[in-house]
Amino acid sequence: MQATGRLSVSVLGAGLIGMDLATKIMRSDCLDLRLVAGRHDAAELRRASRRGMPVATGGIQSLVDAEEDFDVVFDATNASCHAEHAEKLAASGAMLVDLTPSRVGQMIVPSVNREDIGSHRDISMVTCGGQACVPILHAIARVHEIDCVEVVTTAATLSVGRASRLNLDEYVQTTQDAIRWFTGVEDVKALVNISPARPAATFRVAMYLRGRDLTTDSVRALVTRAADEIRAYAKGFGVSVCTVNDSTAFVSVEVTSSGDRLPHYAGNLDIINSAAIQAAECYAANRLALAGRETA
């Protein structure tokens, strides 16, 4: 941690997610962007350099060879590479914030288990769909006995990059694993729809739950509270439908982007990036509090 109380941060990956992350980090009061590393001299990296961001084109090797160790590394590459990245950065002591569906690190959804952030060196931000649905499903499952859950995620094709397309199977499996982990429900199914519609479809997640003693008043109150907690860091999160019919509840949420480097409809990228920034800032606050106790 620097003398200013800010953590030194690098972003690995210069795609849609990585460049939006870098922009959000530059606004943070407790994170200091020290490097954005891609694997090619891409147009996005050149634009980032013109905006004053420090950039490199050597991918993970750029971080390994850097003259400084970073406090936090955001991995915005793909699931198949994250384990290798974690191994190469192990000696640095950096906390890794994994935005790929690799299922390697501890799953973190800030509004649900932010207290776990400081206890793990490698944290997984699950998936964009997981960040949108887990807080809602967790809130309902804490109060009601749920037998099964089905989640359908829809994202505009323009907001789904090459790495995300390569990781669709991992996306589905990781989302299902997260729902099971955070709710205790075993019968879980996750589906993903990449929509080519024009105008581009706003990111949305539809949730179907079958359980016991579900009532409209109870479910709506739980969903409203969970949504308010998500909006503390993802302002474009909104509940569009919340209904209960007999033993079945249906909840649909939509997420719009905050307009940094992303179009309005790309709420899928905005919510996972906002959750990742929130996790890193919680880690920074914990580090600062610990440093204060050590010097007291």
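Just so you know, these numbers come straight off a predicted model, no measurement behind them.

Draft legend 1. Structural detail: the environment of Ala86. Its location among the elements puts Ala86 in helix H4 (residues 79–88). Along the chain, Ala86 and Arg121 lie 35 residues apart, while their C-alpha atoms are 9.4 Å from each other.

Draft legend 2. Local environment of the sheet that holds strand S11 (residues 237–245). The mixed open sheet is built from five strands, whose spatial order is S9-S8-S10-S12-S11. The strands lining the two open edges of the sheet, one partner per strand, are strand S9 (187–195) and S11. The mean angle between the axes of side-by-side strands here comes to 10°, regardless of whether they run parallel or antiparallel. Looking at chain direction, strand S8 (residues 146–156) and strand S10 (residues 203–211) are connected through eight bridges and run antiparallel. The partner of Thr154 across the bridge, within S10, is Arg204. The sheet strands contacting helix H6 (residues 128–143) are S8, S10, S11 and strand S12 (248–255), and the helix crosses S10 at an angle near 30°. Along the sheet face, helix H9 (residues 216–231) touches S11 and S12 and points at about 165° away from the line of S11.

Draft legend 3. How the structure looks around the pattern of salt bridges. With the rule as written, the count across this model stands at 12 salt bridges. The salt bridge partner of Arg47 is Glu44, with a shortest N-O separation of 3.3 Å. Here Arg47 pairs with Glu44, and both are found in helix H2 (residues 43–50), just three residues apart, close to one helical turn. Exposure remark for Glu44: the relative accessible area of 23% places this residue in the partly exposed category. Of the charged contacts, one joins Lys88 and Glu84 as a salt bridge, the two residues approaching to 3.2 Å between their closest N and O atoms. A residue pair is termed a helical-turn pair when its members lie 3 or 4 positions apart in one helix, as Lys88 and Glu84 do in helix H4 at four residues.

Draft legend 4. Quick peek at the packing of H6 against helix H8 (residues 168–183). Taken N-terminus to C-terminus, the directions of H6 and H8 make an angle of 20°; their axes are 9 Å apart at the nearest point. On the basis of the axis angle, H6 is roughly parallel to H8. H8 is crossed by H6, and the crossing has right-handed handedness. Seen from H6, the contacting residues are Cys128, Gly129, Gly130, Cys133, Val134, Leu137, His138 and Ala141; seen from H8, they are Tyr171, Thr175, Ala178, Ile179, Phe182 and Thr183. Looking at the contact of H6 with H8 residue by residue, the class counts come to nine nonpolar, five polar and no charged.

Draft legend 5. Representation of the nonpolar core. By size, the foremost hydrophobic cluster in this structure holds 84 residues, and its most contacted members are Phe74, Met125 and Met207. Ranked by the residues each element gives to this core, the list is headed by helix H10 (residues 267–295), at 11 residues. Among the nonpolar cores identified, the runner-up in size contains 12 residues, and Leu12, Ala56, Leu89 and Leu96 belong to it.

Draft legend 6. Representation of the UniProt feature "active site" (unreviewed entry) in the chain. UniProt's entry tags Cys128 with the feature "active site" (unreviewed entry), counted in the numbering of this structure. Counting through the fold element by element, Cys128 comes out in helix H6. Relative accessible area serves as the criterion here: at 13%, Cys128 is assigned to the buried category. Apart from the residues within four sequence positions on either side, Cys128 is in contact with Tyr171, Phe203, Asn268, Ile271 and Ile272.

Draft legend 7. Representation of the UniProt feature "binding site: NAD(+)" (unreviewed entry) in the chain in the model. Mapped onto the present numbering, the UniProt feature "binding site: NAD(+)" (unreviewed entry) falls at Asn268. A polar contact of 3.2 Å, which involves the side chain of Asn268, links it to the side chain of Ser159.

Draft legend 8. Highlighting the layout of surface pockets. What the largest pocket holds in volume is close to 960 Å³. Sorting the residues of the lining of the largest pocket by element identifies helix H1 (16–26), H2, H4, S8, helix H7 (162–166), H8, S9 and H10 as the ones contributing at least two each. Among the elements that take part in the lining of the largest pocket, H7 stands out by supplying four residues, more than any other. Split by residue class, the lining of the largest pocket holds 24 nonpolar, 18 polar and four charged. Of the voids in this model, the second largest pocket is the one considered here, and its volume is about 280 Å³. A per-element tally of the lining of the second largest pocket places H10 first, with five residues. Considering only residue class, the lining of the second largest pocket consists of four nonpolar, five polar and five charged.

Criteria and thresholds
- Residues numbered from 1 in each chain as written.
- Predicted model: local features only at pLDDT ≥ 70, side-chain atom pairs only at ≥ 80, totals over all residues.
- Heavy atoms only, no water.
- Helix = DSSP H or I, 4+ residues; strand = E, 2+ residues; numbered from the N terminus.
- Pairing = 2+ DSSP bridges.
- Axes fitted to C-alpha atoms, helices over the stretch in contact; angles between N-to-C directions.
- Contact = heavy atoms within 4.5 Å.
- Salt bridge = Lys/Arg side-chain N within 4 Å of Asp/Glu carboxyl O.
- Buried < 20%, exposed > 50% of the residue type's maximum accessible area, 1.4 Å probe, protein only.
- Parallel < 35°, antiparallel > 145°, perpendicular 65-115°, else oblique.
- Left-handed = near helix turned anticlockwise from the far one by under 90°.
- Nonpolar A, V, L, I, M, F, W, Y, C, P; charged D, E, K, R; others polar.
- Core = buried A, V, L, I, M, F, W, Y, C linked by side-chain atoms within 4.5 Å.
- UniProt positions renumbered as here; feature names shortened; annotations may be inferred.
- Polar contact = N/O pair within 3.5 Å; in protein donor to acceptor, adjacent residues only side chain to side chain.
- 1 Å grid on protein atoms, 1.4 Å probe; cavity = no way out; pocket = protein on both sides within 12 Å on 5 of 7 lines; lining within 4 Å.
- Points joined across faces, edges and corners; volume = space filled by probe spheres on them.

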